[in-house]
Amino acid sequence: MTESELTRVGAGGVMEWVIGAAGTVAVGVLMAVLSSEVTDGWKRLKTRLAGRGERVAGSAGPVPAGAAYFVDREKETALADATLLPPAGRGGASGAAGSAGAVRPEGAPPPVAMLAISGLPGMGKSAFQSRWVNANRGRFSGTPVYVNFEELPGGTRTARLSAALTEALQQLEVGPNHLPASLAGLTRLYRRESERRRLLVVLDEITEAAQVRALLPSGPGSAVLAAGPSRIGELTLMGAQPLQLQPLEPEHGLQLLTHLVRDGSRIRAEPEAARQAVEFCAGLPVALGIVGARLAMEPRLTLRALVAELSDEEGRLEGLSIPGEELGVSAVIEMAYGRLPAEAARLYGRLGLLPGPRFDDEVAAAAGGLRAPAARRALATLESAGLVEAADGHGRRRFVSLVGLHARARGTAEPEAERNAALTRVIRHYVRRVAQADRAVMGTRLRVTDHAELLGDVPPGPFAGDGAKSAALEWLHGERAELLAVHEAAAAAGDHRAVWQLAEGLTALFLNHRYLQDWTATGLRGVEAAARDGEPAAEARLAALTSRPLTDLDRLDEAQALLERADARLSDVCQGHAGYADLPVLRPSVLEFTGRLWDRLDPPRAIATYEAALAAYREAGEERGAAIARYLLGRALDAAGRPAEAAEALRAAVGGFEGLSGHGPRGDRRMAGRARAAAGDVLLHLGRRAEAQEEYLAAARLLQAEKASHYEAAVHEKLAALAREDGNISGHREHLARAAELYGKEGNPRAAELRDELRRLYPEAE
């Protein structure tokens, strides 16, 4: 097709050309595209394309043809086979039709099997439906009955059901002169006509259970294959097997795009760009169809140029449309959005404005300004419509495929005041939830955030009971992406108090999971926010805390600058600007973090700093601070070649951590585990090898119980080294593998190094 011909025929003509050029390759995806019925033009084009696919021999009838090329959907096809086909038919033989009027034995399955397909418009429901019907129509009596409810005349429900039954009866060869005038009469006649057959009834674009109920055939062995834009719970109560179509996997999307483009050399010439184009289509068949059509329409458009266009999120939906036409992904999603009730539609736009990619019921309630039950109902509606889906097994959801971009556009169209109010509610929700998690993980540690003021009488949320600490750490870890996004959004919105309070609370995560870059980013943001909020105590606390990841990242000059800033702010605190009497351990806390820097730059000075911190903590009556100071002092003494003094300090530290109140009946087990690991190092230096190994094993047990994976991994590396020295090959391999597993959970590059070592030393274990 020449460029002038492309211009003359327009988008619809190009789509037909794609099919003709590719042999019927693209019918499956285009049927998915056209099933959305965005405009009358789409409907007309769908009608013209309906006959382009390969029909089963002798398969005259109204069911649209399936595609000659079809990707993925193996699991869905297997589910349809298992649900709809008689057992004998699944092996390839046509089962005998049930005899008319046969009595069903007690406890036997109902005579009508039902599969209810749902999914976002453009997901390929019609394509899947047509493909399955044309592959299996020979297993049922005669021609399948097909009714598309969107094509029926409008009017009342009774009128539409009467029209559907009339259509079905005419397909069963009942003449127009024999059709009753009433819905009741049509229903009785349909029951009589269908009871003599094992029918396959195919229903498209259903919107309510009554439409399926009216067309349930009576014949034993019959089946109903229904498809619609939303999941209908009542159908499940009627015995239907639900099937919600999901986006295509990337490999299948690439297969489909390759066939759509036809000229395989374009894909082969730019394989990485082709992969990225498929990624931007997010598995949505309609998006892949439009990309294929655009490449056909614009011969000079390279995949690389198209990818550059689609890489801009703000303009991606525009890029996934046919220029100058109403054919696009946005129009398809708009159809699903347009069917939503008002409350769900309003929440949809608000969720599109969320900083993070996932949301649970409480976040949705905050975004929508709804009570929890109303938010759950609206989310269920969005999920039934195929717009959102479960993101994990912990109650979080996310938008399906490209829907999030459409939702963001909808949310952005709301008045600015409403958008800002929604964001503020979401930020406040996260500030409170992070504070609850911080309290569950860290107990009564030093913090500037006033939890009594922030939380008041709010219950501890999901972090209560014996498993509170583990549950809180799991939540912080699981919500990490959302928490970082909310923190950044709060900073952009100028919500300084929320920024520094979140930064302080998030250290409960970072002290247990070593996300050093995240800790640094949130900490630096928090320091500046505290300064702008006029909170020198928070500024000093966060400056000291943030020096820790900077030190570990070897950004020592920046760490020192922050500690000097913390010390300067302490002067402001002592002058009464932030009520120093309520924070008597802030100064020794800054000394503690300063000592960590001197560990790297000036070890003798580190010892003196830790001794000063210990004295200040003891004077303030701060037991946990004193235990931490002893732990750090013991490590510094060991590094200075004074192992006997180090062992004494670490014994005192272990006892201090295990006897802490406010940290459960067994004290602070995470820090006790770290202190025991340090004691093991000292015992090795003293030549007491067996005792060192016992300390390491005890430390590993404590750290495992606390899910302190980074520190547990380091202990297993030490145990692996001891096992290897002892010639204990199995022990060496076991501890090394455990360390690699734990580092892997953290995303630590050390995991890959240990796996390489395991493969080198133990190739037979592969």
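This one's a predicted model, so the numbers in the text were calculated from it and none came from an experiment.

## Regarding the overall build of the chain
The helix and strand tally for the chain stands at 37 helices and seven strands. For the chain, contacts bridging at least 24 residues in sequence account for 68% of all contacts bridging at least 6. Per element, the accessible surface of the chain, about 32,400 Å² overall, is 50% carbon and sulfur.

## A word on the confidence of the model for the chain
Across the chain, the average pLDDT comes to 86, with 86% of residues at or above 70. Taken as a whole, residues 89–110 scores under 50 in pLDDT and shows 22 contacts with residues more than four places along the chain or in a different chain.

## Quick look at the packing of aromatic side chains
Tallied over the entire structure, the rule returns five aromatic pairs. An aromatic cluster of three or more residues is present, and its members are Tyr337, Tyr348, Phe359 and Phe399. Between the NZ or CZ atom of Arg674 and the centre of the ring of Tyr711, over which it lies, the distance is 4.0 Å. A cation sits over an aromatic face here: Arg733 above Tyr762, 5.2 Å from the ring centre.

## Thoughts on the sheet that holds strand β1 (residues 112–118)
Either a parallel or an antiparallel arrangement is found when strands of a sheet pair, and the pairing is made through backbone hydrogen bonds. Taken in spatial order, the five strands make up an open sheet running β2-β3-β4-β1-β5, and their pairing is parallel. Edge strands, defined here as strands with exactly one partner in the open sheet, are β2 (145–148) and β5 (241–244). For this sheet the average axis-to-axis angle between neighbouring strands, irrespective of direction, equals 15°. Both β1 and β5 contribute to a ladder of four bridges, which runs parallel. Bridging across to β5, Ala116 finds its partner in Pro242.

## Observations concerning the side chain of Gln211
Inspection of the secondary structure assignment puts Gln211 in helix α8 (residues 209–214). A distance of 2.7 Å separates the side chain of Gln211 from the backbone nitrogen of Thr207, its partner in a polar contact. Contacts of Gln211, omitting those with residues within four sequence positions, involve Phe149, Leu161, Leu203, Glu205 and Ile206.

## Some words on the side chain of Ser162
Position of Ser162 among the secondary structure elements: in helix α6 (residues 157–171). On the basis of relative accessible area, Ser162 is assigned to the buried category, the value being 15%. Discounting chain neighbours no more than four positions away, the residues touching Ser162 are Leu183 and Leu186.

## Description of the nonpolar core
For soluble globular proteins, the rule of thumb is that nonpolar side chains tend to be buried together. Membership of the largest hydrophobic core comes to 144 residues, with the highest contact counts inside it found for Val329, Tyr348, Leu351 and Leu387. If one sorts the elements of this core by residue count, helix α25 (residues 496–510) sits on top with nine residues. Ignoring anything within four residues of it in the chain, the contact list for Leu387 reads Leu120, Ile333, Ala336, Leu340, Tyr348, Leu382, Arg398, Phe399, Val400 and Val403. In this structure, Val112, Ala168, Val212 and Leu215 belong to the second largest nonpolar core, which totals 33 residues.

## Overview of the pattern of salt bridges
Enumeration over the complete set of coordinates arrives at 53 salt bridges. Note that Arg350 and Glu414 form a salt bridge whose closest N and O atoms lie 2.7 Å from each other. Taken together, the residues span a long stretch of sequence, with Arg350 in helix α17 (residues 342–352) and Glu414 in the loop between α20 (403–412) and α21 (416–442) at a distance of 64 residues. Residue Arg350 shares its accessibility class with Glu414, and that shared class is buried. Between Arg759 and Asp756 there is a salt bridge whose closest N-O contact spans 2.5 Å. Taken together, the positions of Arg759 and Asp756, both in helix α37 (residues 750–761) and three residues apart, correspond to about one turn of that helix. Take Arg759: its relative accessible area is 39%, and that puts it in the partly exposed class. The structure contains a network of salt bridges with shared partners spanning Arg358, Asp392, Arg396, Glu479 and Glu482.

## Considering the pairing of β1
With seven of seven residues buried, β1 is to be regarded as a mostly interior element. Where burial is concerned, the two faces of β1 agree: the one with Val112, Met114, Ala116 and Ser118 and the one with Ala113, Leu115 and Ile117 are both buried. Of the pairings in the sheet, the one linking β1 to strand β4 (residues 222–228) comprises seven bridges and is parallel in character. Within the sheet, the bridge partner assigned to Ser118 lies in β4 and is Gly228.

## Brief notes about the packing of helix α23 (residues 468–478) against α25
Running from N to C, α23 and α25 point in directions that differ by 105°, and their axes come no closer than 9 Å. Comparing the axis directions of α23 and α25 gives the class roughly perpendicular. The residues of α25 that touch α23, namely those facing Leu473, Leu476 and His477, are Leu506, Ala508 and Leu509. Considered class by class, the residues forming the contact of α23 with α25 number five nonpolar, one polar and no charged.

## Here's the deal with unusual backbone geometry
Of note in this structure, Glu205 is not a glycine but carries a positive phi near 60°. Following the sequence through the fold, Glu205 ends up in the loop between β3 (200–204) and α8. Judged by its relative accessible area of 10%, Glu205 is buried. Phi angles above zero are rare outside glycine, and Ala282 is one such case at about 55°. Note on placement: Ala282 falls in the loop between α12 (271–281) and α13 (285–297). A relative accessible area of 25% means that Ala282 is categorised as partly exposed.

## Thoughts on the packing of α13 against helix α14 (residues 303–310)
As a packed pair, α13 and α14 sit with axes 11 Å apart at the nearest point and diverge in direction by 130°. With respect to α14, the element α13 is oriented oblique. The handedness of the crossing between α13 and α14 is right-handed. Residues Val291, Arg294 and Leu295 of α13 pack against Leu303, Leu306 and Glu309 of α14.

## Description of α13
Compared with the 18 Å implied by 1.5 Å per residue over 13 residues, the 18 Å span of α13 between its first and last C-alpha is a close match. Across the 13 residues that make up α13, a large majority, 13, are buried.

## Some points on helix α32 (residues 643–658)
Compared with an ideal rise of 1.5 Å per residue, which puts 16 residues at 22 Å, α32 spans 22 Å between its outermost C-alpha atoms and is within 8% of the ideal. When we look at burial in α32, the residues that qualify are Pro643, Ala646, Ala647, Ala649, Leu650, Ala653, Val654 and Phe657. One face of α32 carries all of its buried residues, which in axial projection span an arc of 165°. Set apart from the buried face of α32 by more than 90 degrees, the exposed residues are Ala644, Glu648 and Arg651.

## Focus: the environment of Ala375
Among the secondary structure elements, Ala375 is positioned in helix α19 (residues 372–384). Taking the C-alpha atoms as reference, Ala375 lies 6.4 Å from Asp361; in sequence the two are 14 residues apart. With near-sequence residues (within four places) excluded, Ala375 lies in contact with Leu347, Asp361, Ala364, Ala365 and Leu370.

## Let's talk about the environment of Ile729
Take Ile729: it is sitting in helix α36 (residues 729–746). The exposure class assigned to Ile729 is partly exposed, which follows from its relative accessible area of 44%.

## Focus on the environment of Ala639
With respect to the helices, strands and loops of the structure, Ala639 is situated in helix α31 (residues 623–639). The class for Ala639 is exposed, based on a relative accessible area of 70%.

Definitions and limits used
Residues numbered from 1 in each chain as written. Predicted model: local features only at pLDDT ≥ 70, side-chain atom pairs only at ≥ 80, totals over all residues. Heavy atoms only, no water. Helix = DSSP H or I, 4+ residues; strand = E, 2+ residues; numbered from the N terminus. Contact = heavy atoms within 4.5 Å. Areas by Shrake-Rupley, 256 points an atom, 1.4 Å probe, with all protein chains shown as cover. pLDDT = per-residue confidence, 0-100. Phe/Tyr/Trp six-rings, centres within 6.5 Å; stacked < 30°, edge-to-face > 60°. Lys NZ or Arg CZ within 6 Å of the ring centre and 35° of its normal. Pairing = 2+ DSSP bridges. Axes fitted to C-alpha atoms, helices over the stretch in contact; angles between N-to-C directions. Polar contact = N/O pair within 3.5 Å; in protein donor to acceptor, adjacent residues only side chain to side chain. Buried < 20%, exposed > 50% of the residue type's maximum accessible area, 1.4 Å probe, protein only. Core = buried A, V, L, I, M, F, W, Y, C linked by side-chain atoms within 4.5 Å. Salt bridge = Lys/Arg side-chain N within 4 Å of Asp/Glu carboxyl O. Parallel < 35°, antiparallel > 145°, perpendicular 65-115°, else oblique. Nonpolar A, V, L, I, M, F, W, Y, C, P; charged D, E, K, R; others polar. Left-handed = near helix turned anticlockwise from the far one by under 90°. Expected span 1.5 Å × (residues − 1). Arc of directions from axis to C-beta.

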